[in-house]
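Tertiary structure, described
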Amino acid sequence: MSINKNWVNAALSSEEVEVLVTGLKGIEDAVPFAVTLNKDERAALPRVGPKTMDFVDKALEYAERNPGLVPTHVDVSEFKEKRDLVYGLKKVLNHTVPLETKLKDSLTLAQADSYETARQIYHNTKNGARVGVPGASAVAAELGKLYENNGPKKGSPEPGTDETPAVPSEPVTEVRAA
């Protein structure tokens, strides 16, 4: 039987989770104009990248210097606000996207670590049932049902084999010792 990999050595109390969720809700509340587009709505919009924003910046510059060239229905100050919104949102996303990636990767490692430990307990319980440890048969049967329904896909290695999926061998983060 392999030793628990302990890929993530961290813990979050329910109070810490609540603080994080409250903080994220506060951020969401700070952008009441934020929307969620569906796939079709997103596809219908023009693609805008760095070169497109160079075009937008230059158009704004010319509009501010040459008001006579601006169509009468265009409000240059509103145009500038929208352009500034683009840069503000990009700056915020420059912080949130890496955080989202770290959170997802930490979640993946914590799930893998938890699952590996649960598999070790299940297999040890099955061994206990084979040698007659009191109560082990019932526990092994219940865990077995859950393991079969939600366990590894065909071809997934047993815990403790050299075929265990490659993940970091050291803890990834040290938030708070568990």
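Below, the structure is looked at part by part. (Residues numbered from 1 in each chain as written. Predicted model: local features only at pLDDT ≥ 70, side-chain atom pairs only at ≥ 80, totals over all residues. Heavy atoms only, no water.)

1. Here we look at a nonpolar patch on the surface
- Among the surface-exposed residues, Leu-12, Val-17, Leu-20 and Val-21 lie close enough to one another that they form a single nonpolar patch of about 310 Å² accessible area.
- Tracing the sequence through the fold places Val-21 in helix H1 (residues 14-29). (Patch = residues over 30% accessible without salt bridge, like charges linked within 9 Å, V, L, I, M, F, W, Y side chains within 5 Å. Areas by Shrake-Rupley, 256 points an atom, 1.4 Å probe, with all protein chains shown as cover. Salt bridge = Lys/Arg side-chain N within 4 Å of Asp/Glu carboxyl O. Helix = DSSP H or I, 4+ residues; strand = E, 2+ residues; numbered from the N terminus.)

2. Digging into the pattern of salt bridges
- Counting across every chain of the model gives seven salt bridges.
- In this structure, Glu-100 and Lys-104 form a salt bridge, with 3.0 Å as the shortest nitrogen-oxygen distance. Linking Glu-100 with Lys-104, this pair stays in helix H4 (residues 76-130), spanning four residues, or about one helical turn.
- The class of Glu-100 is partly exposed, set by a relative accessible area of 41%.
- Put simply, Asp-57, Lys-80, Arg-83 and Asp-84 are held in one network by salt bridges that share partners. (Buried < 20%, exposed > 50% of the residue type's maximum accessible area, 1.4 Å probe, protein only.)

3. A look at the packing of aromatic side chains
- Following the criterion strictly, the structure yields one aromatic pair and no others.
- Their ring planes at 35° and their centres at 5.0 Å tell us that Tyr-122 and Tyr-147 sit as a pair that is tilted. Residue Tyr-122 is located in helix H4, and its partner Tyr-147 is located in helix H5 (residues 136-150); the two are separated by 25 residues in the primary sequence. Note on accessibility: Tyr-122 and Tyr-147 belong to one class, buried. (Phe/Tyr/Trp six-rings, centres within 6.5 Å; stacked < 30°, edge-to-face > 60°.)

4. A word on the layout of surface pockets
- Computed from the structure, the largest pocket encloses a volume of approximately 1800 Å³.
- If you trace the largest pocket, you find 48 residues lining it, with Leu-89, Val-92, Leu-93, Thr-96 and Glu-100 closest to the centre.
- Counting residues per element, the ones that place at least two in the lining of the largest pocket are H1, helix H3 (50-65) and H4.
- The element contributing the most residues to the lining of the largest pocket is H4, with 18 residues. (1 Å grid on protein atoms, 1.4 Å probe; cavity = no way out; pocket = protein on both sides within 12 Å on 5 of 7 lines; lining within 4 Å. Points joined across faces, edges and corners; volume = space filled by probe spheres on them.)

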